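So you can see what is in the structure, the chains are spelled out below.
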Amino acid sequence: MRAALSRRAALARPAPSAAATRSRSAQALEAPYVEDTYVALDRDRRHAAPVAFAESYAAPAFGRISTGDQYVASLRGRDLPVYLFGENIEEFVDHPIVRPSVNAVAETYRLAEREPEVATAYSSLIGGRVHRFAHICESAEDVVAQNRMQRKLGQLTGTCFQRCVGQDCVNASWTTTHLIDAAHGTAYQARLKAFVQHVQSYNLTVGGAMTDPKGDRSKPPHAQEDPDMFVRVVDRGPDGVVLRGAKVHQTGTLNSHWMVVMPGQRLGPKDADYAISA
């Protein structure tokens, strides 16, 4: 943990003065939530090293999301197989039962439009400001600011805004991959970094799938009669792994651009194939 925090501190650039930050944040309230505004909020910082994710992830067809309306538009036309009470929903965005959850996530983007000092943060990974839900916390102050943003969104929406689990998982994975790489000479954090840079640069929503069907709750994953009650690795190759298994469905799957799948309980040595976040 200390090693990971030390590395984060080394990556962070010196912060601008509090007065300068307040002034630029106030100015940004009058401007659209666009990349130029993000960079302007931190114009006295030097940019981080060039982003190197271009070959890892293709740019989404809808481009970079800058507003709540653009977020809603990005969910359309994906041809997802969605069933609600036995009915096949062709376009879930417009369904009256699903739409409130879409609106809740859209509010996370709109808060950044109205109050960028609350819902955005400087990211040393891309050298500019990003949505706080896409941010890797680089200080204790970042963690406090994250909590304040979530509290504000709870007051605004009165419901789940569906981005917390994905954010928490990515942040936890940042530390975990650092420790694994340090111990075993692997390159997991470099892969995670490329993913986070992609998410930050296009302002994407990442959801998290954590809850398992579990099957027989008295038994660990490897002892289940049906091994698909938990997600596991079924094949490994030079280009990655193949996963199989189930997670309990959630509305956030529809409203996210990416889903992170992670274990939902304590695992033992015999559960090695189930010990993966992807």
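For clarity, every value in this text was computed on a predicted model and none was experimentally measured.

Novice: Looking at this model, I keep getting lost on the overall build of the protein. Mind explaining?
Specialist: Secondary structure summary: the protein contains 10 helices and eight strands in total. Each of the 278 residues in the protein was classed as buried or not, and the buried ones make up 43%. Counting contacts in the protein only where the partners sit at least 6 residues apart, residues at least 24 apart contribute 63% of the total.

Novice: How do you make sense of helix α7 (residues 140-157) when you look at a structure like this?
Specialist: Because an α-helix completes one turn every 3.6 residues, residues spaced three or four positions apart along the sequence face the same direction. Here α7 is 18 residues long and its end C-alpha atoms lie 26 Å apart, about the 26 Å a rise of 1.5 Å per residue gives. Considered for burial, the residues of α7 that qualify are Asp142, Ala145, Gln146, Met149, Gln150 and Leu153. Across the axial projection of α7, the buried residues extend over an arc of 140°, all falling on one side. Turned more than 90 degrees away from the buried face of α7, the exposed residues are Ala140, Glu141, Arg148, Arg151 and Gln155.

Novice: Would you mind showing me how to read the packing of helix α8 (residues 164-184) against helix α9 (residues 188-202) here?
Specialist: For the pair α8 and α9, interaxial distance at closest approach is 8 Å and the crossing angle is 155°. When the axes of α8 and α9 are compared, the pair comes out roughly antiparallel. Between α8 and α9, the contacting residues are Val170, Ser173, Trp174, Thr177, His178, Ile180 and Asp181 on the first element and Tyr188, Gln189, Leu192, Lys193 and Val196 on the second. Counted by class, the contact of α8 with α9 contains six nonpolar, four polar and two charged residues.

Novice: How should I be thinking about the environment of Arg244 in this particular structure?
Specialist: Position of Arg244 relative to the elements: it lies in strand β7 (residues 240-244). For Arg244, a relative accessible area of 48% translates into the label partly exposed. Sequence separation between Arg244 and Asp228 is 16 residues; the distance between their C-alpha atoms is 6.7 Å. Among residues more than four places away in sequence, those in contact with Arg244 are Asp228, Phe230, Val231, Arg232 and Val234. For Arg244, the side chain forms a polar contact with the side chain of Asp228, separated by 3.0 Å.

Novice: Would you mind going over the packing of helix α5 (residues 99-114) against α7 with me for this structure?
Specialist: Think of two packed helices as two axes; the pair is described by the angle between the axes and how far apart they sit. It is the contact of α5 with α7, at a shortest axis distance of 10 Å, that shows an interaxial angle of 120°. When the axis of α5 is compared with that of α7, the two are oblique. Handedness of the crossing formed by α5 with α7: right-handed. Counting all contacts with α5, which are made through Ala104, Glu107, Thr108, Leu111 and Arg114, the residues of α7 involved are Met149, Lys152, Leu153, Leu156 and Thr157. Looking at the contact of α5 with α7 residue by residue, the class counts come to five nonpolar, two polar and three charged.

How each quantity is defined
- Residues numbered from 1 in each chain as written.
- Predicted model: local features only at pLDDT ≥ 70, side-chain atom pairs only at ≥ 80, totals over all residues.
- Heavy atoms only, no water.
- Helix = DSSP H or I, 4+ residues; strand = E, 2+ residues; numbered from the N terminus.
- Buried < 20%, exposed > 50% of the residue type's maximum accessible area, 1.4 Å probe, protein only.
- Contact = heavy atoms within 4.5 Å.
- Expected span 1.5 Å × (residues − 1).
- Arc of directions from axis to C-beta.
- Axes fitted to C-alpha atoms, helices over the stretch in contact; angles between N-to-C directions.
- Parallel < 35°, antiparallel > 145°, perpendicular 65-115°, else oblique.
- Nonpolar A, V, L, I, M, F, W, Y, C, P; charged D, E, K, R; others polar.
- Polar contact = N/O pair within 3.5 Å; in protein donor to acceptor, adjacent residues only side chain to side chain.
- Left-handed = near helix turned anticlockwise from the far one by under 90°.

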